[in-house]
Amino acid sequence: PLVARPGLLARPADVLGGLELDWITVPSHARAVGRSIEELAIRRRTGVTIVAILRGSVPVVDPDPEQRIEAGDELVVACRAADRDALERFLVEGT
């Protein structure tokens, strides 16, 4: 059984430290299109973790590093607010 430390769920802001779950849609002109998560080194370069990819009606939960990003993918990400902007810029511009 799952056992949580007393008071842990009462303080999500303290526990998560500003961590957010968000969705980012990959535009067709993004430089990331056709490249793998591993090749892009997204977490190392932006601090963002891809939790899942919504590809049309097909969810890819906990995607492998070899998973390629496609135009129109909705990336479900765990990040801090400031890192989200960095990821969007990185996906589109590659910087």
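Everything below is about the structure printed above this text.
Residues numbered from 1 in each chain as written. Predicted model: local features only at pLDDT ≥ 70, side-chain atom pairs only at ≥ 80, totals over all residues. Heavy atoms only, no water.

Student: So what's going on with the sheet that holds strand 3 (residues 58-61)? Which residues, and what values?
Tutor: Across the sheet, 4 strands lie side by side as 1-4-2-3; this open sheet has antiparallel pairing. Because the sheet does not close on itself, it has two edges, and the strands there are strand 1 (20-25) and strand 3. Across the sheet, the mean angle from the axis of one strand to that of its neighbour is 20 degrees, orientation sign disregarded. Bridge count between strand 2 (residues 49-55) and strand 3: 4 bridges; the pairing is antiparallel. Note that in strand 3 the partner of Ala52 across the bridge is Val61. (Pairing = 2+ DSSP bridges. Helix = DSSP H or I, 4+ residues; strand = E, 2+ residues; numbered from the N terminus. Axes fitted to C-alpha atoms, helices over the stretch in contact; angles between N-to-C directions.)

Student: Just give me the short version of the pattern of salt bridges, but keep the residues and values in it.
Tutor: Inspection of every chain in the model, using the stated rule, returns 6 salt bridges. Glu39 is the partner of Arg68 in a salt bridge, and the nearest nitrogen-oxygen pair spans 3.6 Å. Within this pair, whereas Arg68 is found in the loop between strand 3 and strand 4 (74-79), its partner Glu39 is found in helix 2 (residues 37-40), the two being separated by 29 residues in sequence. Owing to a relative accessible area of 40%, Glu39 belongs among the partly exposed residues under this scheme. The closest approach of N and O atoms between Arg55 and Glu70, which form a salt bridge, is 3.4 Å. One end of the pair, Arg55, is in strand 2; the other, Glu70, is in the loop between strand 3 and strand 4, with 15 residues separating them in the sequence. When salt bridges with common partners are traced through the structure, they connect Asp22, Arg84 and Glu88 into a single cluster. (Salt bridge = Lys/Arg side-chain N within 4 Å of Asp/Glu carboxyl O. Buried < 20%, exposed > 50% of the residue type's maximum accessible area, 1.4 Å probe, protein only.)

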